[in-house]
Amino acid sequence: MSDKLNYGEIYAPIYEEYTALQGKVAEVDETVDFLERYCSGGSALELGIGDGRVAVPLSKRGVKVEGIDNSCSMLKLLAKRTDLIKAWQGDIAHFRSEQRYRMVYCVYSTFTLLFTREAQIACLRSAMDALDDDGVLVIELGVPGCYPSVGGQKTTTARLVDYENTILNVAVHDPLNQNLVSTLLWFSGTSVRRLPQRVRYVYHQELDTMAECVGLELAERWGDWARSAFTERSESHVSVYRRSSP
Ligand SMILES: C[S@@+](CC[C@H](N)C(=O)[O-])C[C@H]1O[C@@H](n2cnc3c(N)ncnc32)[C@H](O)[C@@H]1O
């Protein structure tokens, strides 16, 4: 993929500041509490490990964590934080690992950055192959909003407004491909940053169907890392898959 739409290359320079503003740094203890209990002595692989926001604190709990990311800049941020995590550059849609993991996980809607159905299914298949017999795949995804049904229509949402920052997301909807091509506009002081990205949104039931196609079945679904129930009001979900029973 060209660097023009490589999420990691675009976000790396502002990632720490951005995730802190979005509350993603504050919630990390809860995320790690959730993930740690599935590792029970085994190791974990993070898909789209980024700067190690989750992987670093998880490894501090004693879990051996490894990771994949396709962005050199993100991997450099991770390397600056720790040398305890083995991470390599690769595509989370198509990877093979000699090792088997007790948990493979993909958080913060990273899965939707795979913007074709084929890439998403390939990712689930690669993840399934990397699990040990009792292993689980954990995926955190936002619940898609209600997008306009007509192609090309635009939506604008305010992501954050405070005294110093205004963050808007302007998206064009491509309903045929379930894609949102968007630009985040981050105004702060006298600067404006433009952060483009493309995602393929997925509802939870489609995720289950794709997982079933590769031999996984849903074991648990929660509305957040604190294990709240997943309801019609949930804005995200954390879904846990195991190998399908024979
Ligand atoms: C939303 S960030 C999440 C980073 C980290 N997991 C976290 O929770 O803070 C998505 C990460 O996935 C990486 N990524 C996006 N598409 C990828 C792909 N096809 N293969 C590997 N990594 C990818 C990006 O470089 C970025 O580091």
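Heads up: the structure comes first, above all this text.
Residues numbered from 1 in each chain as written. Predicted model: local features only at pLDDT ≥ 70, side-chain atom pairs only at ≥ 80, totals over all residues. Heavy atoms only, no water.

Novice: So what exactly am I meant to see when it comes to the overall build of the protein here?
Specialist: Scanning the protein from terminus to terminus reveals 7 helices and 11 strands. Taken against the 2.2 N^0.38 rule, which gives 18 Å for 246 residues, the C-alpha radius of gyration of the protein at 18 Å falls within 12% of a compact globule. If you line up the protein on its principal axes, its C-alpha atoms span 50 × 40 × 35 Å. Contacts spanning at least 24 positions in sequence make up 61% of the contacts within the protein whose residues lie at least 6 apart. As displayed, the protein offers around 12,300 Å² of accessible surface, 50% of which is attributable to carbon and sulfur atoms. On the protein, the mean spot of the 27 positive side-chain charges and the mean spot of the 33 negative ones are 3 Å from each other. (Helix = DSSP H or I, 4+ residues; strand = E, 2+ residues; numbered from the N terminus. Rg over C-alpha atoms; globule rule 2.2 N^0.38 Å. Contact = heavy atoms within 4.5 Å. Areas by Shrake-Rupley, 256 points an atom, 1.4 Å probe, with all protein chains shown as cover. Lys, Arg positive; Asp, Glu negative; His and termini not counted. Charge placed at Lys NZ, Arg CZ, Asp CG, Glu CD.)

Novice: Explain the sheet that holds strand S9 (residues 191-200) here, please?
Specialist: What links the strands of a sheet is backbone hydrogen bonding, and the strands pair in either a parallel or an antiparallel sense. One open sheet accounts for 4 strands, arranged S6-S7-S8-S9; its pairing is antiparallel. Each edge of the open sheet carries a strand with a single partner, namely strand S6 (154-161) and S9. Here the strands of the sheet are splayed against their neighbours by 20° on average, with no regard to which way each runs. In this structure, S6 lies alongside strand S7 (residues 165-174), joined through 7 bridges in antiparallel fashion. By the bridge assignment, Ala 158 is partnered in S7 with Leu 168. (Pairing = 2+ DSSP bridges. Axes fitted to C-alpha atoms, helices over the stretch in contact; angles between N-to-C directions.)

Novice: Can you help me understand the packing of helix H6 (residues 117-130) against helix H7 (residues 204-213) in this one?
Specialist: Each packed pair of helices is defined by two parameters, the angle between the axes and the distance between the axes. Taken N-terminus to C-terminus, the directions of H6 and H7 make an angle of 55°; their axes are 9 Å apart at the nearest point. Taken as axis vectors, H6 and H7 run oblique relative to one another. Along this stretch, H6 crosses H7, giving a crossing that reads as right-handed. Across the interface between the two elements, Arg 117, Gln 120, Ile 121, Leu 124 and Arg 125 from H6 touch Glu 206, Leu 207, Met 210, Ala 211 and Cys 213 from H7. Classifying every residue of the contact of H6 with H7 by side-chain character gives 6 nonpolar, 1 polar and 3 charged. (Parallel < 35°, antiparallel > 145°, perpendicular 65-115°, else oblique. Left-handed = near helix turned anticlockwise from the far one by under 90°. Nonpolar A, V, L, I, M, F, W, Y, C, P; charged D, E, K, R; others polar.)

Novice: Help me understand the sheet that holds strand S10 (residues 216-222), please; the structure alone is not making it clear to me.
Specialist: The sheet built from 7 strands is open, its strands ordered S3-S2-S1-S4-S5-S11-S10 with mixed pairing. Of all the strands in the sheet, just strand S3 (86-89) and S10 have a single pairing partner and so form its edges. Averaged over all neighbouring strand pairs, the angle between strand axes comes to 20°, with direction disregarded. As judged from the 3 bridges shared by strand S1 (residues 43-47) and strand S4 (residues 101-106), these two strands associate in the parallel manner. Bridge pairing in S4 links Glu 46 to Tyr 105. Each of S1, S4, strand S5 (131-142), S10 and strand S11 (236-243) is contacted by H6, which is oriented at about 145° to S5, the strand it contacts most.

Novice: I would appreciate a short explanation of the site of the ligand in the present structure.
Specialist: The environment of the ligand is formed by 20 residues, the closest being Tyr 15, Glu 46, Gly 48, Arg 53 and Asp 69. Contact distances for the ligand include 2.6 Å between a nitrogen atom and a side-chain N or O atom of Glu 46. Contacts to the ligand include Asn 70, whose backbone N or O atom sits 3.1 Å from a nitrogen atom. Its free accessible area being 590 Å², the ligand has 97% of it covered by the protein chains. Considered class by class, the residues forming the shell around the ligand number 9 nonpolar, 7 polar and 4 charged. (Near = heavy atom within 4 Å. Polar contact = N/O pair within 3.5 Å; in protein donor to acceptor, adjacent residues only side chain to side chain.)

Novice: Explain the environment of Asn 70 to me, please; I cannot follow it from the model alone.
Specialist: Positionally, Asn 70 belongs in the loop between strand S2 (64-69) and helix H5 (72-81). Once you skip the residues sitting within four places of it in the chain, Asn 70 turns out to touch Asn 6, Gln 89 and Gly 90.

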